[in-house]
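The primary structure of each chain is shown beneath.
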Amino acid sequence: MKLLLASAILALASANSNEYADEGAFQLANEQPLDRDNHVQGWGSAHSKAMKSGKDAKAEKYTTPEYEGKATKVFGGKGAKGAYASVGSAAHDASVEPAEDVAAQSLGAPELFDGSSAAAATRGVSCAKKALSAEYLLDRYDVNMTIPGHARALGMAANGNLGIGSTTQLIPEANDASRVDELVVDGISGDTRFPHGDLKALFTTGELNMCDNEFHGDSYTGVPDGMGAYLVDDSTLRVVVQSESYGPVTRYETWPYPTNKDSGLATFTGSHVQYTDFDRLGLSNFMHHDGPASDIVKGFGQVAKTYYNLAGDRVGPRNGEDATPSGAHYSNTDADGNWALVKFPKKADWNMQSLCSSHLEEKHQWGPGIGLEDDMYITNEEWITYAPGSSFVGISMHAMDLANAVDYAVGSVTVSGWEKIVELNPAHTDYVVLSLSGYNGAYNNPEGEIDGRNAEYSKPDGTDYVDPKNVCPARIYIGMKGKMEDGSDAPADDFLARNGLRYGKVYGYAIDMSESGPTEGLFRDAFHKSRNNGAKVEGKFVPIDWQWDGTVKNFRHDGAWEFQLPVPGFDDLTWWNSGSLTESGSKTEHNSPDTREGMTAFIQGSTAGYFGHYYVNGITEALDAAMASGDDFPASLDSDYYVYQGENDITGQIDLGGAGLYAQDPENNYCPSPVAEGEQINDATFNCDKPGSVKSTFEDIDGLEVVAASEGLFVVIQEDSGSDVGERMFISSVLEHEDDGEELTYYFMAMSGGVINTRMMAGVGIPATASEESGGHEFSGVIDLSGMLKKDSSNFSISAGDGHAKRQAELEVPIEDKLIVIGLQAHNYHSGVVEAFEADRGGQVLLYKPDFSE
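Owing to the predicted nature of the structure, the values given are computational and were not obtained by experimental measurement.

## Here's the deal with the pattern of salt bridges
Scanning all chains against the criterion turns up 33 salt bridges. Taking the shortest distance from any N to any O, the salt bridge between Lys 695 and Glu 699 comes out at 3.3 Å. For Lys 695, a relative accessible area of 24% puts it in the partly exposed group. By sharing partners, the salt bridges in this structure join Glu 382, Glu 419, Lys 587 and Glu 589 into a single network.

## Comments concerning the side chain of Arg 728
Along the chain, Arg 728 turns up in strand S33 (residues 727–732). For Arg 728, a relative accessible area of 0% puts it in the buried group. Of the polar contacts made by the side chain of Arg 728, one reaches the side chain of Glu 719; its length is 2.7 Å.

## Some thoughts on the environment of Pro 426
In this fold, Pro 426 is placed in the loop between strand S17 (420–424) and strand S18 (431–437). Sequence separation of Pro 426 and Ile 478 is 52 residues, and the distance between their C-alpha atoms is 8.4 Å. Among residues more than four places away in sequence, those in contact with Pro 426 are Trp 366, Ile 370, Gly 371, Tyr 431, Val 432, Val 433, Ile 619 and Leu 623.

## Some remarks on the sheet that holds strand S15 (residues 397–401)
Taken together, the 5 strands give an open sheet; going across it, the order is S10-S16-S15-S13-S12, and neighbouring strands pair in mixed fashion. Two strands bound the open sheet, and with one partner strand each, they are strand S10 (306–308) and strand S12 (359–361). When the angles between neighbouring strand axes are averaged without regard to direction, this sheet yields 20 degrees. Pairing of S12 with strand S13 (residues 376–380) involves 3 bridges; the strand directions are antiparallel. The residue bridging Leu 360 from the neighbouring strand is Tyr 377, located in S13.

## What to know about the packing of aromatic side chains
Under the defined criterion, the tally for this structure stands at 38 aromatic pairs. Plain terms: the ring middles of Phe 527 and Trp 576 are 5.7 Å apart, the flat faces sit at 65 degrees to each other, and that makes the pair edge-to-face. Here the residue Phe 527 occupies a position in helix H13 (residues 524–528), and Trp 576 occupies one in the loop between strand S23 (574–575) and strand S24 (588–593), the gap between them amounting to 49 residues. Accessibility classification places Phe 527 together with Trp 576 in one group, the buried group. Each ring, one from Phe 611 and one from Tyr 644, has its centre 5.8 Å from the other, and the planes form 40 degrees; the classification is tilted. In this pair, Phe 611 is assigned in strand S26 (residues 611–616) and Tyr 644 in strand S27 (residues 637–645), connecting sequence segments 33 residues apart. In terms of burial, Phe 611 and Tyr 644 fall into one category: buried. These aromatic residues form a ring-pair network of at least three members: Tyr 509, Phe 527, Phe 541, Trp 576, Phe 602, Tyr 614 and Tyr 641.

## Considerations on helix H8 (residues 148–158)
Burial analysis of H8 places 9 of its 11 residues in the buried class, the great majority of the element. Within H8, the full set of buried residues consists of Gly 149, His 150, Ala 151, Arg 152, Ala 153, Leu 154, Gly 155, Met 156 and Ala 157.

Basis of the calculations
Residues numbered from 1 in each chain as written. Predicted model: local features only at pLDDT ≥ 70, side-chain atom pairs only at ≥ 80, totals over all residues. Heavy atoms only, no water. Salt bridge = Lys/Arg side-chain N within 4 Å of Asp/Glu carboxyl O. Buried < 20%, exposed > 50% of the residue type's maximum accessible area, 1.4 Å probe, protein only. Helix = DSSP H or I, 4+ residues; strand = E, 2+ residues; numbered from the N terminus. Polar contact = N/O pair within 3.5 Å; in protein donor to acceptor, adjacent residues only side chain to side chain. Contact = heavy atoms within 4.5 Å. Pairing = 2+ DSSP bridges. Axes fitted to C-alpha atoms, helices over the stretch in contact; angles between N-to-C directions. Phe/Tyr/Trp six-rings, centres within 6.5 Å; stacked < 30°, edge-to-face > 60°.

Quick look at the structure:
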């Protein structure tokens, strides 16, 4: 009866979802083909130029002979809004076929496909597909067929129209639909005339794996956040993306994924780390046609299948609501395995909480023998809510062994929760160096551990320790390869030891905080207010006394508290914390390595809206000296910090490229203009993070990733302000920090979401049915693919497994030849397809090709 009911509703959903035969025909009829005549990379940049000149190029485009007879959008007066028609005919007809073969038509000029007719005949290679049966999906995901959005989702999936990469419509937009008379239709893109480069969808939350492998039927879960990419082999490029999911801490639990099947099955809900394999040639040509990414998807699945906890044990099943003395996922418990999380998962043993940003590091990416010894995906749990008064261990970094699909919890960098951890060039074959960024203990209901810290430890000045959240400076970690926690030699097959993640020291940035010091006594947040590009702060990275000993302990014993203490060995220095030694400041958000040859350096952002560049000086000599003396780790490292952007008004530094127009709500005076009395802010030169709150600075810089190009370093900036009119994303001009009075330029890339955004208020979701309410979005995650896709003549420049060659190739590619992966979170997309397939909340992973031409 259940299957009969499903079949009936499935047929009804398919018939009533649109006026076409199935979802595939619907998407084909409503795609937005790229402008191959005028701009081979797509329509975004070409049509933004037309917008600047005041022409309605979009309407003109659809009257050209190329589109004659094709079902497409009508761009006319208000009477045409929301309608579909076939150009040149009185009404649309779902049976209308393009005048020529679509696959051949979309390939573009043959020279773009290596000049060979064989290459031009295909967009790439995909996996062998296997249909998804309605009965299987009903049973696996417990789809509720009484909910119309679930019924339609089942229809889309069973009809084969929800495979990974099948969605071609875009969540982000260039302008609010109300400002450019854009269609507002569920499942359909808004304005995609992006001013500084094209965007195409790679995959979208709620899509399902149709590849015939062990992960068949898995849904891609949201919201997308940290990501990385590498070559699995010379013809396959793997994109790894994790979901920032909170499981039972909030109301959305993702489908439980199994781990350690051969040693006592344990399941996780919350954040997933999943991969999508793409045909390398197909991906390199992806921006030259309008075809879906599903044509080049070769595989999909979970990155890790084996999980080890902080104690080095395999994670096992939870012992109900009692203590789990062996095999506990310690992020959810205290050191004895007693449950500490605020809620228990409904369907899984454990919750993988809020995997935020991440970085993928390839073996020896800095040169022969220099850097990590294995290909590694570094991720981390960010924040968590514990039960009031509970004791807890805290949340950790995770190091994923990509070759063997194993996840290791890591304690050596402290167990204080992280936003993002990236590898830096250690300039030495015996050490690894990581840049560490995050809250430093974002634990809701921390009172039990704060009381425990003060009961067991005292400060030299006699005052109490405070909640360590955001009481920290910029931090790095230095680890020695091949050593156990006590410094003894490790077995050669010990993954963590081999990569320097058992034996190491955490360092914080410390400066002279006297009135004659480089900041005149100002802590970090205060210093950056009204601070210009090129300001310099000299300091040192100094190790804290705490060091990981391999024993799992409660958080009160962690190293996170030590940034409230004097700097060890330096009476004239103070930790350059964001607020002070006793007061929380703004969060150190995303960081990104400087990948130029010979540099041990990183760029660090802040939620206060500033970012800058830390250089670690003379590291090779310092590590050599420490090793020779038997101390193993330097007592300090000289360093310099330069400001790229202070917490200043950036409205004059933004280039919108003729886009970025916001929705207007003058009746409620929602986002009042600070420069035009009685008016609303017009565009994305300003941020409006809540009613009446308009900012001229960057607001909550979250995503930040440096893109190294032949012209120099660029940075992609993704805000997390909760903007009510559309969250912004920018790419900078070439980074420089000369103290010459010149500031950087920020080129507007796209915006998305917002509670008063026209499409959000109308319930538009991608895929269709995903939206249930208006809400905010957030761009998060960046990967530069150019090193892996760079070609010399018709051949790819590098081979799989050569991380150093990849880094070198990235430096040789001009910025406008880059292909960059971008992540987008859609927090209000939690119904329909997303809810039916237990994918948490929505989002999209996109490919971006920069274009700065005027």
